[in-house]
Amino acid sequence: MSLPVVVLIGATATGKSRLAIALAHAMQDSGVGAEIVNADSMLVYRGMDIGTAKPSMSERSGVPHHLVDILDVTQTASVADFQALARTTIANIVSRGACPVVVGGSALYVRAIVDHFEFPGSDPTVRARWEAELERVGAVALHARLAAEAPESAAKIEPANGRRTVRAFEVMELTGGHAPHLPEWTYELNNVHQFGLDEDRAVLDARINDRVDAMWCDGLVDEVRGLLAAGLREGVTAIRAIGYRQVVAFLDGECTEEEAKSETKRATRRFFRKQLGWYRRDPRITWLQAGGQDNVATILASIGWGATEMRGPS
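Residues numbered from 1 in each chain as written. Predicted model: local features only at pLDDT ≥ 70, side-chain atom pairs only at ≥ 80, totals over all residues. Heavy atoms only, no water.

Asks: How should I be thinking about the overall build of the protein in this particular structure?
Replies: In terms of helices and strands, the protein carries 12 helices and 6 strands. For 314 residues, the compact-globule formula gives about 20 Å, and the C-alpha radius of gyration of the protein, at 20 Å, lands near that figure. Once the C-alpha set of the protein is aligned to its principal axes, its extents read approximately 60 × 45 × 35 Å. Across the 314 residues of the protein, 48% fall into the buried class. A separation of at least 24 residues holds for 76% of the contacts in the protein among residues at least 6 apart in sequence. Accessible surface, the protein: about 14900 Å² in total, of which carbon and sulfur atoms supply 51%. Looking at charge distribution, the protein has the averaged site of its 34 positive side-chain charges lying 2 Å from that of its 40 negative ones. (Helix = DSSP H or I, 4+ residues; strand = E, 2+ residues; numbered from the N terminus. Rg over C-alpha atoms; globule rule 2.2 N^0.38 Å. Buried < 20%, exposed > 50% of the residue type's maximum accessible area, 1.4 Å probe, protein only. Contact = heavy atoms within 4.5 Å. Areas by Shrake-Rupley, 256 points an atom, 1.4 Å probe, with all protein chains shown as cover. Lys, Arg positive; Asp, Glu negative; His and termini not counted. Charge placed at Lys NZ, Arg CZ, Asp CG, Glu CD.)

Laid out in structure tokens, this is it:
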């Protein structure tokens, strides 16, 4: 049997992690091991647990999870590095005779893993020069300059995202252009099967609100305080995580705690609507109703596993 690479995507609070674990147990019940590969850019950080809804060890239910807790918050996560790590991890899982279950996450990270996806090179000197320019003029002004020189690229980047603007200028200088679009839908890996979890927008918004409220109750503010002591401000990518940057703003006195919580809810809704918009354009994804009782059996049948009566733990 040719082992598939199963990919589960969807917005936060749609039950991706639960489905992945149930699917892994169903596969194990059939005699073939399964291991989960994280494709969420923020689950890679140690200590960022509450705000990322990172599955606890008990919630993982004995299923191996990879690419979780592999970086300190002071380290920078790059898509290119993650691509290499994920592909090596997937190859190792398959070599052990197990099935990789990729759970995302960012559309960019997922596509970088499974699709033909090459990254332009980098030059520390060029990047340092543009980072100095960012420091001098600020993110918004540098983005305005990008809009004048490469409007199509600038339209894909939020004006406040100085890191991506710097990267765009670096690529332009090194290659003579900056491609703002993702590549065509061409799998780099073999036997990929993608499934998306769909949910009514009103239901999803309510779940996001409830999840953010729960994060606050579970101690997100104290978690951020601890991460600040561990150097969160020194990180380039970790501090940009939704929820974390809002709590930092609250702790810095830039807003009230209630404003930070409300902005976290708004930012989460904006982010996942944007991500789902990207996913909706991918014709290769099979969409399932979030929480559907037959989702495990549907996936197994779709990948040709041949035992639709298999089920995960209740």
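Asks: Even after reading the chapter, I still don't get the sheet that holds strand β6 (residues 285–289), so can you show me in this structure?
Replies: Picture the strands of a sheet paired through backbone hydrogen bonds; they go either parallel or antiparallel. Spatial ordering of the open sheet is given by β3-β2-β4-β1-β5-β6, a layout of 6 strands whose pairing is parallel. The two strands at the open ends of the sheet, each matched to only one other strand, are β3 (65–66) and β6. When strand β2 (residues 34–38) meets β3, the two strands line up parallel, connected through 2 bridges. Looking at β3, one finds that I36 is bridged to H65. (Pairing = 2+ DSSP bridges.)

Asks: Just checking my understanding: could you explain helix α7 (residues 162–175) for this structure?
Replies: Working note: α-helix, 3.6 residues per turn, so residues spaced by three or four point in the same direction. With 14 residues, α7 ought to run about 20 Å at 1.5 Å a step, and its terminal C-alpha atoms sit 20 Å apart, in line with that. Within the sequence span of α7, burial applies to G162, T165, V166, A168, F169, E170, V171 and M172. Structurally, α7 contributes buried residues whose contacts are with α4 (124–137) and α5 (139–149). (Expected span 1.5 Å × (residues − 1).)

Asks: Teacher, can you tell me more about the packing of aromatic side chains here?
Replies: Pairs of aromatic rings are described using the distance from one ring centre to the other and the angle between the two planes. All chains considered together, the criterion is met by 3 aromatic pairs. Arranged with centres 4.9 Å apart and planes meeting at 85°, the rings of F271 and F272 form a pair that is edge-to-face. By relative accessible area, F271 is classed as partly exposed at 30%. A relative accessible area of 15% places F272 in the buried class. One Lys or Arg, R145, reaches over the ring of F169 and ends 5.8 Å from the middle of that ring. (Phe/Tyr/Trp six-rings, centres within 6.5 Å; stacked < 30°, edge-to-face > 60°. Lys NZ or Arg CZ within 6 Å of the ring centre and 35° of its normal.)

Asks: Help me understand a positive patch on the surface in this model?
Replies: Taken together, the side chains of K156, R163, R164, K274 and R281 present a region of like positive charge at the surface. Inspection of the secondary structure puts R281 in the loop between α11 (257–280) and β6. Classification of R281 by relative accessible area gives exposed; the value is 51%. (Patch = residues over 30% accessible without salt bridge, like charges linked within 9 Å, V, L, I, M, F, W, Y side chains within 5 Å. Salt bridge = Lys/Arg side-chain N within 4 Å of Asp/Glu carboxyl O.)

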